[in-house]
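Residue-level structure breakdown
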Amino acid sequence: EIVLTQSPTTMAASPGEKVTLTCLASSSVNYMYWYQQKSSASPKLLIYYTSSLASGVPDRFSGSGSGTSYSLTISSMEAEDAAIYYCLQLTSTPWTFGGGTKLELK
Amino acid sequence: QVTLKESGPGMLQPSKTLSLTCSFSGFSLSTSGMVVSWIRQPSGKSLEWLAAIDWDGDKYYNPSLKSRLTVSKDTSNTQVFLKITSVDIADTATYYCARNPDYWGQGVMVTVSS
């Protein structure tokens, strides 16, 4: 099983601040997917195939990485970005999620 | 547009079998490449992928729960089902179905309690 480790676990950012979230995989994966989850809502896809922006997602979100190291970047933090972010690998079953990063507004 | 909606019993007793239904529209599971997954999330915790079924009828299970899981679909390819046998308190969670990787249902909360 590929274990995904997200860091940090929790962080706070000020409006306008650049934010970078990391997801490390225990084995190499082909692509990474990133989701945003607010309160009790279902997760929303932000990034697919590592760096492709999902439909309707603001372009302040971007993804990058390869092999075992991936990141999600918010170029300029906005209040609505406060949420929990999860990474997901679909390279090999069991498909696995990271433990999540809780991003708060400072 | 693509929509998915989960339905289930809400609450059930330990040792019983949990039956969940995912009803979807806006796509056909018979289309090549389509996959529908079941994922769960205990309150305050991360997401756990449970099982999936693809357009060809191939099934995929999380080994940690495989012996208790059965995923299936209906012949019209508009519903996917998940059964979990011998539930216990640890199975209490919100259960989601999702079309890999983009669309998710709203989730259904399931509580296992005596």
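Data block above holds the structure.
Quick summary incoming for the structure in this document. (Residues numbered from 1 in each chain as written. Chains lettered and ligands numbered in written order. Predicted model: local features only at pLDDT ≥ 70, side-chain atom pairs only at ≥ 80, totals over all residues. Heavy atoms only, no water.)

Next up on the list: the environment of Ala93 of chain B. Residue and element names in this part refer to chain B. Here Ala93 shows up in strand E9 (residues 93-99). Overall, the relative accessible area of 4% leaves Ala93 in the buried class. Considered as a pair, Ala93 and Thr31 are 62 residues apart in the sequence and their alpha carbons are 30 Å apart. Contacts of Ala93, omitting those with residues within four sequence positions, involve Arg40, Gln41, Pro42, Val108, Met109 and Val110. (Helix = DSSP H or I, 4+ residues; strand = E, 2+ residues; numbered from the N terminus. Buried < 20%, exposed > 50% of the residue type's maximum accessible area, 1.4 Å probe, protein only. Contact = heavy atoms within 4.5 Å.)

As a further point, take the state of the cysteines. All chains considered together, the criterion is met by 2 disulfides over all chains. Linked covalently through their sulfurs, Cys23 of chain A and Cys87 of chain A form a disulfide whose S-S length is 2.1 Å. Across the S-S bond of Cys23 of chain A and Cys87 of chain A the torsion is about 75 degrees, and the bridge reads as right-handed. Placement of the pair is Cys23 of chain A in strand E3 (residues 19-25) and Cys87 of chain A in strand E9 (residues 83-89), with a sequence separation of 64 residues. Both residues of the pair, Cys23 of chain A and Cys87 of chain A, count as buried. With a sulfur-sulfur separation of 2.1 Å, Cys22 of chain B is cross-linked through a disulfide to Cys97 of chain B. Taking the sign of the S-S torsion, about 70 degrees here, the bridge from Cys22 of chain B to Cys97 of chain B comes out right-handed. One end of the pair, Cys22 of chain B, is in strand E3 (residues 18-25); the other, Cys97 of chain B, is in strand E9, and 75 residues separate them in sequence. Accessibility expressed as a relative area gives 0% for Cys22 of chain B, which makes it buried. Residue Cys97 of chain B is classed as buried on the basis of its relative accessible area, which comes to 0%. (Disulfide = S-S within 2.5 Å.)

It is worth spelling out the side chain of Asp91 of chain B at this point. Among the secondary structure elements, Asp91 of chain B is positioned in the loop between strand E8 (79-84) and E9. Its relative accessible area of 2% is what places Asp91 of chain B among the buried residues.

Now for the interface of chain A and chain B. A common measure of how large an interface is: the accessible area buried when the components associate. The interface of chain A with chain B comprises 16 residues on the first partner and 20 residues on the second. Across the chain A to chain B interface the summed buried area is about 1,300 Å²; carbon plus sulfur atoms make up 68%. On the chain A side of the interface with chain B, the three residues burying the most area are Pro43, Trp95 and Phe97 of chain A, jointly 42% of the side's total. Joining chain A to chain B, the criterion identifies 0 salt bridges. Scanning the region where chain A abuts chain B turns up 6 residue pairs in polar contact (both at pLDDT 80 or more). Residue contributions to the side of chain A that touches chain B peak at 3 residues, all from strand E4 (residues 33-37) of chain A. (Buried area = accessible area lost by both parts, 1.4 Å probe. Salt bridge = Lys/Arg side-chain N within 4 Å of Asp/Glu carboxyl O. Polar contact = N/O pair within 3.5 Å; in protein donor to acceptor, adjacent residues only side chain to side chain.)

Turning our eyes to something else, we now look at the pairing of strand E5 (residues 48-54) of chain B. Residues and elements named next belong to chain B. Most of E5 is tucked away: 6 of the 7 residues are buried. When strand E4 (residues 35-41) meets E5, the two strands line up antiparallel, connected through 6 bridges. For Ile39, the partnering residue across the bridge sits in E5 and is Trp49. As consecutive antiparallel partners, E4 and E5 are separated by 6 residues, and within that stretch Gly44 has a phi angle of approximately 80 degrees, a positive value. Bridging between E5 and strand E6 (residues 59-61) involves 3 bridges; their strand directions are antiparallel. Note on E6: the bridge partner recorded for Ile53 is Lys59. (Pairing = 2+ DSSP bridges.)

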